[in-house]
Amino acid sequence: MITDYNVDLLHIGWYSDWQTNPAPLCPGGIKYVQLIKVKAREYPTSTLQLTQTVAANPGALWIIGNEPEGKYNQGNRTPAEYAEIYHYLHTLIKSLDPSAWVAIGGVIEPTPLRLRWLDMVLSEYQSRFGEAMPVDVWNTHVQILQEKVGSWGAEIPAGLSETEGRLY
């Protein structure tokens, strides 16, 4: 538990434990970042619980998914699915708390394949909702993993047909 440590020595501004929490611990003024999981077995999220959590945490940062394009126990969402999920959650969160910050889920690594997946999300959002995808915070992870079907690493982003990308 974060309160078991003297976090002041770390000089950090925020932390996340990859979930949502209506009453997060915030020792020393550290902010808690809410993360809504988007993988199929955990989404759709309970709207009632999410509504209560948003109301209890005004001005919070909400990350929509963790590695939403990742197939191995992550989001495993196609660009179209992620655009739809992001729109729904962004609209819900901002309607309840206009001061909330909403972030895209960080892609596993900024490779050409994953940047193309993200471009496809942005295009899909524009096409479906008639506007640019509203993002308050952009984020990405910086893993160094190969992209190859059926092998170790990051696999191929959900919804893309390539069999390999970067091979580190």
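These lines cover the structure that appears in this document, whether it is placed above or below. (Residues numbered from 1 in each chain as written. Predicted model: local features only at pLDDT ≥ 70, side-chain atom pairs only at ≥ 80, totals over all residues. Heavy atoms only, no water.)

So, the pattern of salt bridges
Any two side chains of opposite charge can pair, given that their charged atoms come close. Tallied over the entire structure, the rule returns 8 salt bridges. Glu84 is paired through a salt bridge with Arg128; the nearest N and O atoms lie 2.5 Å apart. Here the residue Glu84 occupies a position in helix α2 (residues 79-96), and Arg128 occupies one in helix α3 (residues 112-129), the gap between them amounting to 44 residues. The class for Arg128 is partly exposed, based on a relative accessible area of 41%. (Salt bridge = Lys/Arg side-chain N within 4 Å of Asp/Glu carboxyl O. Helix = DSSP H or I, 4+ residues; strand = E, 2+ residues; numbered from the N terminus. Buried < 20%, exposed > 50% of the residue type's maximum accessible area, 1.4 Å probe, protein only.)

Focus: the nonpolar core
Formed by 28 residues in total, the largest nonpolar core has its most connected members in Trp62, Ile64, Tyr82, Tyr86, Ile93 and Met133. Within the residue set of this core, elements represented by two or more residues are α1 (47-56), β4 (61-64), α2, β5 (101-104) and α3. A per-element tally of this core places α2 first, with 7 residues. Other than its neighbours up to four places away in sequence, Tyr82 contacts Ile64, Pro68, Arg77, Ile104, Gly105, Trp117, Val121 and Met133. Of all hydrophobic cores here, the second largest spans 5 residues; its members include Val7, Tyr15, Ile30 and Tyr32. (Core = buried A, V, L, I, M, F, W, Y, C linked by side-chain atoms within 4.5 Å. Contact = heavy atoms within 4.5 Å.)

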